[in-house]
Amino acid sequence: MAAVVVNEYGQPVSRNCTTAGHRKGSLVRTHVPVSYKNWKLVPQKHKDDVWNTLKDEFNIPETSKDIVQKSMAGPWRRFKTELRTDHYDLYPTHEERILHVPPTVREEDWIKFCENEKEEKAAQSRIDHKRKRQQYGYTHCSGHKPHYLVRAELEAENPGVEISPEDVWLKDHTQESGSILPSAQPYDDKLKKAQEEIKEKLDAGLPVEELCALAAAFGKDTRGRARSLGLVSRTQVQLSAPARHKSMS
């Protein structure tokens, strides 16, 4: 059984973590019905089915269960998006949609999925999400690779060096040529300005409200997420900091 190495937050970071991640996505499609409106409504039983099967195939620490189960929401939502694009949107009426059941979905789950999608709130949510994606304004170079894995790669390349959220952001938006993506250049300029302002205040002995340049430039982390780490809260980062510094000393 292949062992999966995890970081201090329980996130898989070994070479085989991509294989484990793909398998997780496949299991989510098999075990988690698309009939639920959102991930919060998915019963724990389905999440445990995915976790237990994954544990049978990979040697993952039990302490990683919570973070791995949280990450299941991503592939589940992507699967629902594929169903909308490749099946649901192909037909103009509800009656036609429920007659064309995708081969990988149970009929009762598909009917419920279609009923959920035709609700006005769901349709408006799709419009809002599309607008937000358009407002995002720039792309990155890491594809589907999670930020915490980019961070792990930087740590492997730079042993003994603490990798900051800014380092991960730069790696994510730097092309193979070494230049920043053109679409990300204005944001890189904003980040550099925030770094300079923080340094100037520290050098002058002035108080600094936000030491993280990313947060100062782009806003604070959202609840339950820390930049460059994904589904990890700021509290978890702060609690792990002493052990992290100790391991690097």
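What counts as what
Residues numbered from 1 in each chain as written. Predicted model: local features only at pLDDT ≥ 70, side-chain atom pairs only at ≥ 80, totals over all residues. Heavy atoms only, no water. Axes fitted to C-alpha atoms, helices over the stretch in contact; angles between N-to-C directions. Helix = DSSP H or I, 4+ residues; strand = E, 2+ residues; numbered from the N terminus. Parallel < 35°, antiparallel > 145°, perpendicular 65-115°, else oblique. Left-handed = near helix turned anticlockwise from the far one by under 90°. Contact = heavy atoms within 4.5 Å. Nonpolar A, V, L, I, M, F, W, Y, C, P; charged D, E, K, R; others polar. Buried < 20%, exposed > 50% of the residue type's maximum accessible area, 1.4 Å probe, protein only. Polar contact = N/O pair within 3.5 Å; in protein donor to acceptor, adjacent residues only side chain to side chain. Salt bridge = Lys/Arg side-chain N within 4 Å of Asp/Glu carboxyl O. Expected span 1.5 Å × (residues − 1). Arc of directions from axis to C-beta. Phe/Tyr/Trp six-rings, centres within 6.5 Å; stacked < 30°, edge-to-face > 60°.

A. Seen up close, the packing of helix α1 (residues 17-31) against helix α2 (residues 44-57). At a minimum axis separation of 9 Å, α1 and α2 run at an interaxial angle of 140 degrees. With respect to α2, the element α1 is oriented oblique. In the crossing of α1 with α2, the sense of the turn from one axis to the other is right-handed. Contact residues: α1 offers Ala-20, Arg-23, Lys-24, Leu-27, Val-28 and His-31, while α2 offers His-46, Asp-49, Val-50, Thr-53, Leu-54 and Glu-57. In the contact of α1 with α2, the residues fall into five nonpolar, three polar and four charged.

B. Fine view of the environment of Asn-16. Relative to the assigned elements, Asn-16 resides in the loop between β1 (2-3) and α1. Note on Asn-16: relative accessible area 18%, which makes it buried. For Asn-16, the contacting residues outside a window of four places in its chain are Ala-2, Ala-3 and Val-4. Polar contacts involving the side chain of Asn-16 include one to the main-chain carbonyl oxygen of Ala-3, which spans 2.9 Å. Looking at Asn-16, its side chain comes within polar contact range of the side chain of Ser-14, at 2.6 Å.

C. A look at the pattern of salt bridges. One pass over the structure, following the stated rule, counts 16 salt bridges. A salt bridge links Arg-126 to Asp-89, with the nearest nitrogen and oxygen atoms 3.0 Å apart. Here the residue Arg-126 occupies a position in helix α7 (residues 120-136), and Asp-89 occupies one in the loop between α4 (73-86) and α5 (94-99), the gap between them amounting to 37 residues. A single salt-bridge network, built from bridges that share partners, covers Arg-84, Asp-89, Glu-117 and Arg-126.

D. Broad picture of α4. Taking 1.5 Å of rise per residue, 14 residues should cover 20 Å, and α4 covers 20 Å from first to last C-alpha, within 8% of that figure. All of the buried residues in α4 are Ala-73, Pro-75, Trp-76, Phe-79, Lys-80, Leu-83 and Arg-84.

E. Examining the environment of Ile-198 more closely. Counting through the fold element by element, Ile-198 comes out in helix α10 (residues 185-203). Considering only alpha carbons, one finds Ile-198 and Ala-213, 15 residues apart in sequence, at a separation of 7.4 Å. Those residues in contact with Ile-198, other than ones at most four positions away along the chain, are Val-208, Glu-210, Leu-211, Cys-212, Ala-213 and Ala-216.

F. Representation of helix α9 (residues 165-172) in the model. Those residues of α9 that fall on the buried side of the exposure criterion are Glu-166, Val-168, Trp-169 and Asp-172. For α9, the arc enclosing every buried residue in end-on projection is 160 degrees, short of the 170-degree limit, so these residues lie on one face. Here the buried face of α9 lies against α8 (147-157), α10 and α11 (213-218).

G. Representation of the packing of aromatic side chains in the model. Going through the model one piece at a time under the given rule, you end up with five aromatic pairs. Where Tyr-88 meets Phe-113, the ring centres are 6.3 Å apart and the plane angle is 85 degrees; that geometry is what we call edge-to-face. Of this pair, Tyr-88 sits in the loop between α4 and α5 while Phe-113 sits in helix α6 (residues 107-117); the two residues are 25 residues apart in sequence, bridging distant segments of the chain. Of the two residues, Tyr-88 and Phe-113, both sit in the buried class. For the pair Trp-169 and Phe-218, a centre-to-centre distance of 5.9 Å together with 40 degrees between the ring planes defines the contact as tilted. With Trp-169 in helix α9 and Phe-218 in helix α11, this pair connects stretches of sequence that are 49 residues apart. The exposure class assigned to Trp-169 is buried, which follows from its relative accessible area of 8%. Residue classification places Phe-218 among the partly exposed residues on the basis of a relative accessible area of 25%. Grouping aromatic residues by their ring pairs yields a cluster made of Tyr-88, Trp-110 and Phe-113.

H. Representation of the side chain of Ser-64 in the model. The topology assignment puts Ser-64 in the loop between β2 (58-59) and α3 (65-71). For Ser-64, a relative accessible area of 0% translates into the label buried. Excluding residues that lie within four positions of it along the chain, Ser-64 makes contacts with Val-6, Gly-10 and Trp-51.

I. Just the packing of α1 against α4, in detail. Interaxial distance between α1 and α4 falls to 9 Å at its minimum, and their mutual angle equals 60 degrees. Note that α1 runs across α4; the crossing there is right-handed. Listed contacts from α4 to Gly-25, Val-28 and Arg-29 of α1 are Pro-75, Trp-76, Phe-79 and Glu-82. Its residues placed into classes, the contact of α1 with α4 shows four nonpolar, one polar and two charged.

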